[in-house]
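These are the residues of each chain, in order.
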Amino acid sequence: MDKLQILKTFIGKEFTESPSPFMKWLNPVVISAEEGQIEFQYTVREEWLNPMGNLHGGVTAAIIDDVIGATMFSLNEKTFIVTVNNSIDYFSTAKENDNIVAETKIIKRGKQFVNAQCEVWNADKTRLIARGTSNLFKINN
């Protein structure tokens, strides 16, 4: 079974088969998975909050980086793909127990580099929380 098909078997469930211990800690639920497009849902936990009781920007950045990594997984590349940089704009926040949705798409898929985008929304997608873009580099294992 290819990597995309593995992701698809988890639609509507927690993605417990991630090779990433960090992703397992984030505990996403797979909403949708297509080649180069992933949608995960997360529940904001207490340990993800800043002192103001809002979703910490660093956790938001980690979610963006991690779900973009899963998007690379969906491409079924024979090479490993690593993040070169992230650029994130923050627009709103979330509170403890809020459900948030992270959705990705590939902007450009080149021979060596991939550019991807992730948007983080509130559960009903009426409020954009953050948007990030990443450049990623394909390396041989």
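Residues numbered from 1 in each chain as written. Predicted model: local features only at pLDDT ≥ 70, side-chain atom pairs only at ≥ 80, totals over all residues. Heavy atoms only, no water.

- Under an unreviewed UniProt entry, the name given to the protein is PaaI family thioesterase, and the organism recorded is Chryseobacterium luquanense.
- Of the comments in the UniProt record for the protein, the one headed Sequence similarities (unreviewed entry) reads "Belongs to the thioesterase PaaI family." (UniProt positions renumbered as here; feature names shortened; annotations may be inferred.)

### Quick word on the layout of surface pockets
Thinking step 1. If you add up the space inside the largest pocket, you get close to 470 Å³.
Thinking step 2. Lining the largest pocket are 21 residues, with Gly69, Ala70, Phe73, Phe80 and Ile81 sitting closest to its centre.
Thinking step 3. Within the residue set of the lining of the largest pocket, elements represented by two or more residues are helix 3 (57–74) and strand 3 (80–90).
Thinking step 4. The dominant element in the lining of the largest pocket, judged by the number of residues it contributes, is helix 3, at six residues.
Thinking step 5. Split into classes, the residues belonging to the lining of the largest pocket amount to 10 nonpolar, six polar and five charged. (1 Å grid on protein atoms, 1.4 Å probe; cavity = no way out; pocket = protein on both sides within 12 Å on 5 of 7 lines; lining within 4 Å. Points joined across faces, edges and corners; volume = space filled by probe spheres on them. Helix = DSSP H or I, 4+ residues; strand = E, 2+ residues; numbered from the N terminus. Nonpolar A, V, L, I, M, F, W, Y, C, P; charged D, E, K, R; others polar.)

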